[in-house]
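Chain and residue survey
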Amino acid sequence: MARKLSPQLTHFDRKGSAHMVDVGAKGETHRVAIASGRIAMRPATFRAVVEGSAAKGDVLGVARIAAIQAAKRTSGLVPLAHPIAITRVAVEYRFDAARSEIELLATVECRGRTGVEMEALTAVAVGLLTIYDMVKAVDRGMVIGRLQLEEKRGGKSGHYRRGAAR
């Protein structure tokens, strides 16, 4: 028996059954989402990745392409996500040598009826998984974490920025 859920959870109908949200009546707006995540590793692994000397080659370049591809394929991975005509995906890295951590940030944009938060989050997750995959032979103890939405702009719900007063 399905239970009643809050009307704020748009992926559920009044009976509590999952469904794809109807966005047909919504207007198209410019939408942007920025997500981030981190991967921590041993210092030697960190140096090899950052310096480009890992045995498998350009780890960060391959991870960048994987993240872009993941953003474009999100609707095939996340069951209730809409296929979106993405207009831009950008991937950047920040390095924390003291912690041997790499932060991956993905920015995804479109002009559409629904946001690109899931595309940005998926890009980060797959980019970090690709880093793990490419250097796991020398460091299986890597930890992926802090996958989060940093910012979202556009649409009816307006602007969201992590840490900003609400």
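Residues numbered from 1 in each chain as written. Predicted model: local features only at pLDDT ≥ 70, side-chain atom pairs only at ≥ 80, totals over all residues. Heavy atoms only, no water.

**Notes on the pattern of salt bridges**
- As enumerated under the stated definition, the model contains nine salt bridges in all.
- Across the salt bridge formed by glutamate 103 and arginine 38, the nearest N and O atoms sit 3.8 Å from each other. One end of the pair, glutamate 103, is in strand S3 (residues 101-112); the other, arginine 38, is in strand S1 (residues 29-40), with 65 residues separating them in the sequence. The same class applies to glutamate 103 and to arginine 38, which are both buried.
- Of the charged contacts in the structure, one is a salt bridge between arginine 94 and glutamate 103, with a shortest N-O distance of 3.7 Å.
- For arginine 94, a relative accessible area of 44% gives the class partly exposed.
- For glutamate 103, a relative accessible area of 10% gives the class buried.
- Several salt bridges converge on common partners, so that one network encompasses Arg38, Arg94, Glu101 and Glu103. (Salt bridge = Lys/Arg side-chain N within 4 Å of Asp/Glu carboxyl O. Helix = DSSP H or I, 4+ residues; strand = E, 2+ residues; numbered from the N terminus. Buried < 20%, exposed > 50% of the residue type's maximum accessible area, 1.4 Å probe, protein only.)

**As for the environment of alanine 35**
- Looking at the secondary structure, you find alanine 35 in strand S1.
- What makes alanine 35 buried here is its relative accessible area of 0%.
- Sequence separation between alanine 35 and glutamine 148 is 113 residues; the distance between their C-alpha atoms is 5.6 Å.

**Quick look at the sheet that holds strand S5 (residues 160-161)**
- What the five strands build is an open sheet, ordered S2-S3-S1-S4-S5; its pairing is antiparallel. Of all the strands in the sheet, just strand S2 (86-96) and S5 have a single pairing partner and so form its edges.
- With twelve bridges joining them, S1 and S3 adopt antiparallel strand pairing. Paired with isoleucine 34 across the two strands is threonine 107, which belongs to S3.
- Where helix H1 (residues 43-51) meets the sheet, its contacts fall on S2 and S3, and the angle it forms with S3 comes to roughly 45°. (Pairing = 2+ DSSP bridges. Contact = heavy atoms within 4.5 Å. Axes fitted to C-alpha atoms, helices over the stretch in contact; angles between N-to-C directions.)

**Looking at helix H2 (residues 59-72)**
- Spanning 14 residues, H2 covers 20 Å between terminal C-alpha atoms, matching the ideal 20 Å at 1.5 Å per step.
- Those residues of H2 hidden inside the fold are in contact with H1, helix H3 (74-77), S2, S3 and helix H4 (117-135). (Expected span 1.5 Å × (residues − 1).)

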